[in-house]
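Overview (structure and organization)
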Amino acid sequence: MQLNIRVPELAPESGIVKIAGVTKKPGRVRTSEALAKLCHSASRLRDQGKGRTVSFSPKVFIPLTQLCRDFCSYCSFRKSPRQTQVLYMSPESVLEVARSGERLGCREALFVLGERPEERYPEARAWLARHGYDSTLEYLYQICKLVLSETGLYPHSNAGNMTRSELEALREVNVSMGLMLENLSERLCGPGGPHQRAPSKSPQLRLETLRQAGELKIPFTTGLLVGFGETAEERTESLAAIGELHRRYGHIQEVIIQNFQAKAKTPMREAGGPSLPKMLETMAQARILLGPEMNIQAPPNLARRYGPGARKAYLDAGINDWGGISPLTVDYVNPEAPWPQLAALQDEMTRNGFQLCGRYPVYPEYMSNDGFLPKALKQRLFLEADSRGFIPDGIWCRGPVFSSKAEFMAGWRPGR
């Protein structure tokens, strides 16, 4: 898929150095004065479009399968059949996690899974056939349908590249879906690159999935991985590509700016990851390039590496969402980074002049826009959500009902 990517030059009155037409050394970060001006412009845009509300999604993280056909040089999530006895989570184990999360006030069931493991592993094909499925995505569909019917949670699936028919099927049982672009650079897929042995990380394949999701009007999450070998120019071009897709289809509900974290026992275990200034520059550029209405997210558990002031700096760079935070399950992709205490996060947001709001895995604007949700899911959300489309202060759930937000906060505990 080819996109007509336009990288805009930013207005000189904003105090921001032009992006287009400037040759920068790979990884170069602006001076502190220029970066401060960039962040100031980004935060003003965020306030214009989102006000002082910062959202998060109370979730359970469900790794349906950690088998994967790809070998990314930085990934510790994937496993081979020799490394795990659980090839796929059973319906019973999925429901156990979902119901436990529901009792704690969660509304999102985040399904993360390796891409098409049946294409690499006969063990995966045998497991699926034994349980009556032709593919991992067919099993995912049935599991999402089960969670919708048996719990108060809403599925959000990150399942890799998909065909149009697969997207159409999963759309009926997911309020949103996601696929990280990571970066537009083909260079990163070449010899010695982090995606050399990961053919599904081809930028063109990922862009095609994002495009088809746009044609189907699926609220979609995507984003960048920062500091895994890309250049500043490649980050800017990647943001511009996401912006072009959103201008065409209006379906990109959020863009994640995620810092690379090196993992032990991976080929990239010695890689350093991005500096805080590089992260702030990328967040601010995302806000400026994608506009005041875009939801820009950064994982709060990964901000820990930069110290106690990092989350405040993220806000100053224009983000408006912390993504999914779980009271029950770890971040299986980054298990070394625990979720923040929600009560402490709320106190921090209040001190900095923001209101922390719980949201569903689909943003409020996509509940009201026609055509972006199946009718049954839209009606169900409307019955639950408050007047702004967020999770009400009196947290609804089929298990124990929290009478107030304060009671909910008091019962919250960090993921274990």
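Residues numbered from 1 in each chain as written. Predicted model: local features only at pLDDT ≥ 70, side-chain atom pairs only at ≥ 80, totals over all residues. Heavy atoms only, no water.

A closer look at the overall build of the chain
- Counting secondary structure elements, the chain contains 13 helices and nine strands.
- Across the 416 residues in the chain, those meeting the buried criterion constitute 61%.
- For the chain, long-range pairs separated by at least 24 residues make up 77% of all intrachain contacts whose partners lie at least 6 apart in sequence.
- Entry remark: accessible area of the chain is about 16700 Å², with carbon and sulfur atoms responsible for 51%. (Helix = DSSP H or I, 4+ residues; strand = E, 2+ residues; numbered from the N terminus. Buried < 20%, exposed > 50% of the residue type's maximum accessible area, 1.4 Å probe, protein only. Contact = heavy atoms within 4.5 Å. Areas by Shrake-Rupley, 256 points an atom, 1.4 Å probe, with all protein chains shown as cover.)

Some points on the layout of surface pockets
- The space that makes up the largest pocket amounts to roughly 430 Å³.
- Taken together, 17 residues line the largest pocket, and the ones lying closest to its centre are Phe71, Cys75, Arg78, Lys265 and Pro267.
- The class makeup of the residues in the lining of the largest pocket is six nonpolar, six polar and five charged. (1 Å grid on protein atoms, 1.4 Å probe; cavity = no way out; pocket = protein on both sides within 12 Å on 5 of 7 lines; lining within 4 Å. Points joined across faces, edges and corners; volume = space filled by probe spheres on them. Nonpolar A, V, L, I, M, F, W, Y, C, P; charged D, E, K, R; others polar.)

Let's talk about the side chain of Glu108
- Mapped onto the fold, Glu108 is located in strand β2 (residues 108-113).
- One buried charged residue, Glu108, forms no salt bridge at all, with the nearest opposite charge on Arg359 at 5.0 Å.
- A distance of 2.5 Å separates the side chain of Glu108 from the side chain of Ser57, its partner in a polar contact.
- Beyond its immediate chain neighbours, meaning those up to four positions away, Glu108 contacts Ser57, Pro58, Lys59, Val60, Leu153, Tyr154, His156 and Pro361. (Lys, Arg positive; Asp, Glu negative; His and termini not counted. Salt bridge = Lys/Arg side-chain N within 4 Å of Asp/Glu carboxyl O. Polar contact = N/O pair within 3.5 Å; in protein donor to acceptor, adjacent residues only side chain to side chain.)

Thoughts on the confidence of the model for the chain
- With 88% of its residues at a pLDDT of 70 or more, the chain shows a mean pLDDT of 89.
- Predicted confidence for residues 407-416 stays below pLDDT 50, and this span has 35 contacts to residues more than four positions away or in other chains. (pLDDT = per-residue confidence, 0-100.)

Comments concerning the environment of Arg107
- Relative to the elements of secondary structure, Arg107 occurs in the loop between α2 (91-103) and β2.
- As for Arg107 and Val60, which are separated by 47 residues in sequence, their C-alpha atoms are 8.2 Å apart.

Re the pattern of salt bridges
- A complete count under the given rule lists 25 salt bridges for this structure.
- Two residues, Glu215 and Arg164, come together in a salt bridge whose shortest N-O distance is 2.7 Å. Placement of the pair is Glu215 in helix α6 (residues 203-215) and Arg164 in helix α5 (residues 164-171), with a sequence separation of 51 residues.
- For Glu215, a relative accessible area of 37% corresponds to the partly exposed category.
- The salt bridge involving Arg211 is made with Glu208; its shortest N-O contact spans 2.5 Å. Taken together, the positions of Arg211 and Glu208, both in helix α6 and three residues apart, correspond to about one turn of that helix.
- Relative accessible area serves as the criterion here: at 24%, Glu208 is assigned to the partly exposed category.
- One network of salt bridges, with partners in common, ties together Arg69, Glu115, Glu119 and Arg206.

What to know about the nonpolar core
- Membership of the largest hydrophobic core comes to 98 residues, with the highest contact counts inside it found for Phe111, Ile257, Tyr314 and Trp322.
- Looking at this core, the element that brings in the most residues is helix α8 (residues 276-290), giving eight residues.
- Not counting residues within four places of it along the chain, the set of residues in contact with Phe111 comprises Ile62, Leu64, Val94, Leu140, Ile143, Cys144, Val147, Pro155, His156, Ser157 and Asn158.
- Of all hydrophobic cores here, the second largest spans eight residues; its members include Cys72, Tyr74, Ala198 and Phe228. (Core = buried A, V, L, I, M, F, W, Y, C linked by side-chain atoms within 4.5 Å.)

Observations concerning the packing of aromatic side chains
- For the coordinates displayed, the defined rule picks out ten aromatic pairs.
- Judged by centre distance (6.0 Å) and plane angle (85 degrees), the rings of Tyr88 and Tyr139 are edge-to-face. Here the residue Tyr88 occupies a position in the loop between β1 (53-65) and α2, and Tyr139 occupies one in helix α4 (residues 136-150), the gap between them amounting to 51 residues. Of the two residues examined, Tyr88 and Tyr139, each falls in the buried class.
- An aromatic cluster is defined as three or more aromatic residues linked by ring pairs; in this entry it consists of Tyr88, Trp127, Tyr133 and Tyr139. (Phe/Tyr/Trp six-rings, centres within 6.5 Å; stacked < 30°, edge-to-face > 60°.)

Brief notes about the packing of helix α7 (residues 232-249) against α8
- Interaxial distance between α7 and α8 falls to 10 Å at its minimum, and their mutual angle equals 30 degrees. In terms of their interaxial angle, α7 and α8 are classed as roughly parallel. Regarding α7 and α8, the two cross each other, and that crossing is right-handed. Contacts between α7 and α8 pair Arg235, Thr236, Leu239, Ile242 and Gly243 from the former with Lys278, Glu281, Thr282, Gln285, Ala286, Leu289 and Leu290 from the latter.
- Of the residues contributing to the contact of α7 with α8, the split by class is five nonpolar, four polar and three charged. (Axes fitted to C-alpha atoms, helices over the stretch in contact; angles between N-to-C directions. Parallel < 35°, antiparallel > 145°, perpendicular 65-115°, else oblique. Left-handed = near helix turned anticlockwise from the far one by under 90°.)

Observations concerning the environment of Met268
- With respect to the element layout, Met268 can be found in the loop between β6 (252-259) and α8.
- Taking the C-alpha atoms as reference points, Met268 and Pro194, 74 residues apart in sequence, are found 7.9 Å from one another.
- If near-sequence neighbours (up to four positions away) are discounted, Met268 is found in contact with Ser73, Tyr74, Pro194, Phe228, Phe260 and Ala262.

Topic: α7
- Along its 18 residues, α7 runs 26 Å from first to last C-alpha, staying within 8% of the 26 Å computed at 1.5 Å per residue.
- Within α7, burial applies to Ala232, Glu234, Arg235, Thr236, Ser238, Leu239, Ala240, Ala241, Ile242, Gly243, Glu244 and Leu245.
- Elements that come into contact with the buried residues of α7 comprise α6, β5 (220-226), β6 and α8.
- Of the residues one or two after α7, Gly250 is the one with positive phi, at around 70 degrees. (Expected span 1.5 Å × (residues − 1).)

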